[in-house]
Amino acid sequence: MFGGTGSGTVDTATAVGILQGLNNAGFETNEELSDMYVKYRADRPIISINDGQDWTLPEVPAADYSDEIMENAKEFSDKAAIVISRTGGEGADLPTDMGPIMDGSTMDIGTKYMKGSYTNNSSEYDDFQAGQSYLELSQTEKDLVDMVCSEFDDIIIIYNGANPLELGWTEDYKQIKSVLLCARAGATGFNALGNIIAGNVNSSGKTTDTWLRDLHQAPYFNNIGHFAYTNTQDVSDAAKEAWERADGIVSFVNYSESIYVGYRFYETADQENLIDYDDTVLYPFGYGLSYTTFE
């Protein structure tokens, strides 16, 4: 993921990709695996506000990894890296419930901003169930993690995305030795990722948000959405007349958290015995490493 939508778009024509960034840092990568991924799907869906979003997460099902490929991978290296990516952005809010996306019902609603589709990676199961958010692992991703952790004892998880993903599952595997946040990398950011993994530079950074074990526990979760007013037909008509691509939907969001945004809520709720902080928060605001000193 190089960027987002709208003003977050990145020109990828000359951007450094994740494999190139690792190669530039001195790593050899398993071309048999990368060729397998490219053959499965060479691109990712384009997230666009014009005709609805394709939220598909192209991922080779675990059942498609042959014994030969896995044996070759273990012979190639005793370490493995799993990259999980998510995207979204301006005019493309991430789905809080994948159910309507999976069954296609959102494609029938009147606003392009809420239309969404998803293509399963397997005919044997659904990648998401109703009630799951886009920021949880898909079933194919879960199977991938299980498979890799059963074959390797030294695994790096790289999360390539700007939105806090549910990462509580990383604590369930002793094989996962490190978790790296590599947000949208822009044109050259994957070079930095390669240098960090290689130890060529000291990694230094702290989280700018609170990362929860379960996003449903966030106070804002029930208030996110595209809630349409029902008495604004004149405004809708004027919008459509002024811009032919306008959907004419006039919507709102209730910001009911007031000052209790982010860490303020979780710290206060813990003090008031509304939540157990350690059970709720995985990585607090400001979590991370810093090797910088000041005199």
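Quantities reported herein were computed from a predicted structural model and do not represent experimental measurements. (Residues numbered from 1 in each chain as written. Predicted model: local features only at pLDDT ≥ 70, side-chain atom pairs only at ≥ 80, totals over all residues. Heavy atoms only, no water.)

Describing the overall build of the chain
(1) Moving on: Counting secondary structure elements, the chain contains nine helices and eleven strands.
(2) Moving on: The dimensions of the chain, computed from C-alpha atoms along their principal axes, are 65 × 50 × 40 Å.
(3) Moving on: Counting only residues that meet the buried cut, the chain has 38% of its 295 residues in that class.
(4) Moving on: Contacts in the chain between residues at least 24 apart in sequence constitute 70% of all its contacts with a sequence separation of at least 6.
(5) Moving on: For the chain, the accessible surface area stands at approximately 17,000 Å², while carbon and sulfur atoms represent 48% of it.
(6) Moving on: Where the 17 positive side-chain charges of the chain centre and where its 48 negative ones centre are 3 Å apart. (Helix = DSSP H or I, 4+ residues; strand = E, 2+ residues; numbered from the N terminus. Buried < 20%, exposed > 50% of the residue type's maximum accessible area, 1.4 Å probe, protein only. Contact = heavy atoms within 4.5 Å. Areas by Shrake-Rupley, 256 points an atom, 1.4 Å probe, with all protein chains shown as cover. Lys, Arg positive; Asp, Glu negative; His and termini not counted. Charge placed at Lys NZ, Arg CZ, Asp CG, Glu CD.)

Thoughts on the nonpolar core
(1) Moving on: Among the nonpolar cores identified, the biggest contains 49 residues, and Y65, I82, Y118, V148, I155 and W169 are the most heavily contacted of them.
(2) Moving on: A total of five residues in this core trace back to one element, the largest contributor, which is helix α5 (residues 139-151).
(3) Moving on: The next biggest cluster of nonpolar side chains, apart from the first, holds seven residues, and it includes I156, I158, C182 and L193. (Core = buried A, V, L, I, M, F, W, Y, C linked by side-chain atoms within 4.5 Å.)

Focus: the state of the cysteines
Here a disulfide denotes a covalent bond joining the sulfur atom of one cysteine to the sulfur atom of another.
(1) Moving on: Taken as a whole, this structure holds zero disulfides when the rule is applied.
(2) Moving on: C149 supplies the cysteine sulfur nearest to C182, a cysteine that is in no disulfide, at a spacing of 20 Å.
(3) Moving on: Here C182 falls in the buried class, since its relative accessible area comes to 9%. (Disulfide = S-S within 2.5 Å.)

Topic: a negative patch on the surface
(1) Moving on: Together, E28, E31, E32, D35 and E68 make up a negatively charged patch on the protein surface.
(2) Moving on: Per-element tally for the negative patch: the top contributor is helix α2 (residues 31-40), with three residues.
(3) Moving on: Following the sequence through the fold, E68 ends up in helix α3 (residues 67-76). (Patch = residues over 30% accessible without salt bridge, like charges linked within 9 Å, V, L, I, M, F, W, Y side chains within 5 Å. Salt bridge = Lys/Arg side-chain N within 4 Å of Asp/Glu carboxyl O.)

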